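# Topology and contacts: notes
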Amino acid sequence: MAEDDGRTLRRRASSPMKSINKGARGLLGQTTLAELVRPKRVLVRGMRVDGGNGTRSVLTEHDVRRTWQVLSSSMTIGEALARLAKHKVLSAPMLKIAEDGPRIEFSDEWPEDVPYPDIVGFVGVRDILDTCLSDLQEALENISKPQTDMLKTMAHLKLIAPDIESRKIENIQGFDGDFLFQNQAKCSLLDVLVKAFLVPKRTTDVYRRSNSLEQEESEMDIHKAVHRLGLFDTKARVTGVVSQSDVLNFLVEHMDHLGSITKHTVEEIGLGMPKPVICVDSTTSALQAFDKMYKHNLSAVGVVSPNTHIIIGNLSMSDLRCLSFENFGYLVLPVSEFLVLLASNRGEDVETPHQVQQKPALLTVSPESAFAEVLHMFSKNRIHRVYVVDSQSGVPVGVITPTDVIQAVTTTVYQKGEQNAEATPTP
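Note that residues are indexed from 1 along each chain, following the sequence as it is written. Since the coordinates come from a predicted model, pLDDT governs what is reported: local features require at least 70, and pairs of side-chain atoms require 80 or more to be given and counted, while whole-chain, interface and lining totals use all residues. Side-chain descriptors were evaluated using all non-hydrogen atoms of the structure, hydrogens and water having been removed beforehand.

## A short note on the overall build of the chain
Formally: The helix and strand labels rest on DSSP assignments: H or I over at least four residues marks a helix, E over at least two residues marks a strand, and numbering proceeds from the N terminus. Any two residues having at least one pair of non-hydrogen atoms within 4.5 Å are treated as being in contact. Each accessible area value is a Shrake-Rupley result obtained with a 1.4 Å probe; residue values ignore everything except the protein chains displayed when judging cover.
Across its full length, the chain holds 13 helices and 16 strands. Contacts in the chain between residues far apart in sequence, at least 24 positions, make up 69% of those at least 6 positions apart. Accessible surface for the chain amounts to roughly 20700 Å². Of this, 49% is attributable to carbon and sulfur atoms.

In structure tokens, the structure reads:
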């Protein structure tokens, strides 16, 4: 089943009806998109000379300039994945840069005396996986056979890895992001979230963008919400990127202004539930799990114990981003072993696959958990998925994504009542 496209939300009706996210909508309506891309003011502790009394510790405010990573069309798949992993992002704007063109990592590093390259679109891990799947079909077929020679399949993957790693990303078409003219940064964040994040346009040439956020039905991507928006100026230069995670961090920073919704539970809001949870058991190969993820239009799948169906982990596109091509053969391994080896390669404290299967995932909530708890969990752990598990059985009954959270704070949500209805987000 495809992920929620972000355009409907369960509405709880009561009599009289009382909105529980009026505060959140008010905050978003008074905030402009520009505020999420401005330099961030932080407190820095330093030492100051205090006359003849020596030095003392003081706090001073500093503006931290924001930077945005970009990819070059002349990069290889291996180089692109390495850059995405380095900056811990799943997608970035791709610029059409020739082989002999300037080598830049951030959008503002482009030389002033050289014409800015065309913006091709966003390219991410999922888009790269799409281009690789045809090469992985033989391995997928071998893994599916009852009597599979795992070592032979691993050797096959290692053999084709160099060719995949060295391919250019120039022809990869991405659909994980969209672009807006920077003047639209003056629009309210509520307006942008509803009309650009939750009801997205197809990614197209930024030069054909209008200065209006009005949606044309023929341009709408009916499959899923947009996860990030890029801003460009009159010279078609990338001037900012706002992701769903940026929005969630903003909500956490302004928690006191969100109103009563923060105290309502996951079940009361209908946050991420009821929703089918696509999972794989821990003995499924990582390659099969990524293939299932792609076919269901997901960025992650839950990992469950084959015996108890209790959720024990999460496999996401970010894990594929961290896989080096010299370890491409890891894809044949069961998901539980694959995740342990990736963590080991990153220098993290790891446990054996058996130990992993014996304990529940940490990043879960119950239907009785408060909205504020979910928000903090997303922001603190820099994750894109929180599973809702039954308090008694530990079995997943829902899954919350950033899109679900954005729906909850932008759509008029009512307290739980006698009947449910569908609501369409309105600014």
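More follows now that the structure is in view.
## A few points about the packing of helix α12 (residues 371-381) against helix α13 (residues 402-410)
The cut-off we apply is this: Every axis corresponds to a line fitted to the C-alpha atoms, with the helix fit spanning only the stretch in contact, and the corresponding angles, defined between N-to-C directions, vary from 0 to 180 degrees. Here the word oblique covers every angle except those under 35 degrees (roughly parallel), over 145 (roughly antiparallel) and from 65 to 115 (roughly perpendicular). Left-handed describes a crossing in which the near helix is turned anticlockwise from the far one by less than a right angle; the clockwise case is right-handed.
One can describe the packing of α12 onto α13 by two numbers: an axis separation of 11 Å at closest approach and a directional angle of 135°. By the angle between their directions, the pair α12 and α13 is classed as oblique. Our pair here, α12 against α13, has a crossing hand that is left-handed. Here Phe371, Leu375 and Phe378 of α12 come into contact with α13, specifically with Pro402, Val405, Ala408 and Val409.

## Focus on the confidence of the model for the chain
The line we're drawing: Values of pLDDT, which run from 0 to 100, indicate the predictor's confidence residue by residue.
For the chain, per-residue confidence averages 79 on the pLDDT scale, and residues scoring 70 or more make up 76% of the total. Confidence over residues 1-17 falls short of pLDDT 50; this stretch has 73 contacts with residues more than four positions distant or in other chains. Note that pLDDT drops below 50 for residues 201-223; the model gives that stretch 55 contacts with residues more than four away or on any other chain.

## Describing the sheet that holds strand β15 (residues 396-400)
To keep things clear, this is the line we draw: At least two bridges found by DSSP between two strands are what make those strands a pair.
Ordered by their spatial adjacency, 3 strands build an open sheet running β13-β14-β15, and the pairing between neighbours is mixed. Every interior strand has two partners, whereas the edge strands, β13 (364-365) and β15, have only one. As paired elements, strand β14 (residues 386-389) and β15 share 4 bridges and run antiparallel to each other. Directly across from Val386, in β15, lies its bridge partner Ile400.

## Here we look at the pattern of salt bridges
The line we're drawing: The salt bridge criterion pairs a side-chain nitrogen of Lys or Arg with a carboxyl oxygen of Asp or Glu, the two atoms within 4 Å. Three labels apply to residues, based on accessible area from a 1.4 Å probe with only protein chains included: buried if under 20% of the type maximum, exposed if over 50%, partly exposed otherwise in between.
Inspection of every chain in the model, using the stated rule, returns 8 salt bridges. A salt bridge links Glu105 to Lys86, with the nearest nitrogen and oxygen atoms 2.9 Å apart. With Glu105 in the loop between β5 (91-95) and β6 (119-124) and Lys86 in helix α2 (residues 77-86), the pair connects residues that are 19 residues apart, well separated along the chain. Relative accessible area serves as the criterion here: at 17%, Glu105 is assigned to the buried category. With its nearest N and O atoms 2.8 Å apart, the salt bridge here joins Asp135 to Arg167. Here the residue Asp135 occupies a position in helix α3 (residues 125-144), and Arg167 occupies one in the loop between α4 (150-165) and β7 (177-181), the gap between them amounting to 32 residues. Connected through shared salt-bridge partners, Asp135, Asp163 and Arg167 make up one network.

## So, the packing of α2 against α3
Spelled out, the test is: Throughout this entry, Asp, Glu, Lys and Arg are counted as charged residues, while Ala, Val, Leu, Ile, Met, Phe, Trp, Tyr, Cys and Pro are counted as nonpolar. The remaining residues, Gly among them, count as polar.
The N-to-C vectors of α2 and α3 enclose an angle of 155°; their axes lie 11 Å apart at closest approach. If you check the angle between α2 and α3, you find them roughly antiparallel. Judged by the twist between their axes, the crossing of α2 over α3 is left-handed. Contact with α2, carried on its side by Ile77, Ala80, Leu81 and Leu84, involves Val125, Ile128, Thr131 and Cys132 of α3 and no other residues of that element. Its residues assigned to classes, the contact of α2 with α3 comprises 7 nonpolar, 1 polar and no charged.

## Comments concerning the sheet that holds strand β11 (residues 300-304)
Sheet architecture is open: 3 strands sit in the order β10-β11-β12, paired in mixed fashion. The sheet is open, and its two borders are formed by β10 (279-281) and β12 (311-316), each paired with just one other strand. When strand polarity is set aside, the average angle formed by the axes of neighbouring strands in this sheet is 35°. Relative to β11, β10 runs parallel, the two being bridged by 3 bridges. By the bridge assignment for β11, Val280 is matched with Val303.

## Concerning the nonpolar core
Operational definition: For this analysis, a nonpolar core means a set of buried residues of the types Ala, Val, Leu, Ile, Met, Phe, Trp, Tyr and Cys, connected via side-chain atoms within 4.5 Å.
With 64 residues, the main nonpolar core has Phe371, Leu375 and Ile400 as its most contacted residues. In terms of residues, this core owes the most to one element, helix α5 (residues 189-198), which gives 8 residues. Contact partners of Phe371, with chain neighbours within four places excluded, come to Ile261, Thr262, His264, Ile269, Leu271, Val405, Ala408 and Val409.

## As for unusual backbone geometry
Of note, the amide linkage connecting Met273 to Pro274 takes the cis form, showing an omega dihedral of -5°. Tracing the backbone through its elements, the reader meets Pro274 in the loop between α7 (266-269) and β10. Unusually for a residue other than glycine, Lys88 sits at a positive phi of about 55°. With respect to the helices and strands, Lys88 occurs in the loop between α2 and β5. Phi is positive for His309, which is not a glycine, with a value near 65°. Note that His309 resides in the loop between β11 and β12. Exposure remark for His309: the relative accessible area of 47% places this residue in the partly exposed category.

## Thoughts on the side chain of Asp291
Along the chain, Asp291 falls in helix α8 (residues 286-295). Judged by relative accessible area, Asp291 falls into the buried class, the value being 10%.

## Here's the deal with the environment of Phe328
Checked against the element boundaries, Phe328 lands in the loop between α9 (317-321) and α10 (335-345). A relative accessible area of 6% means that Phe328 is categorised as buried. Considering only alpha carbons, one finds Phe328 and Met154, 174 residues apart in sequence, at a separation of 7.8 Å. Non-local contacts of Phe328, meaning those with residues more than four positions away in its chain, are made with Leu136, Leu157, Ala161, Ile164 and Leu323.

## Considering the pairing of β12
β12 sits mainly inside the fold: 5 of its 6 residues count as buried. For β11 and β12, the ladder comprises 5 bridges, and the chain directions are antiparallel. Looking across to β12, one finds that Val301 is bridged to Leu315. In textbook terms, the turn of a hairpin is the stretch between consecutive antiparallel strands, and for β11 and β12 this stretch comprises 6 residues, one of which, His309, has a positive phi near 65°.

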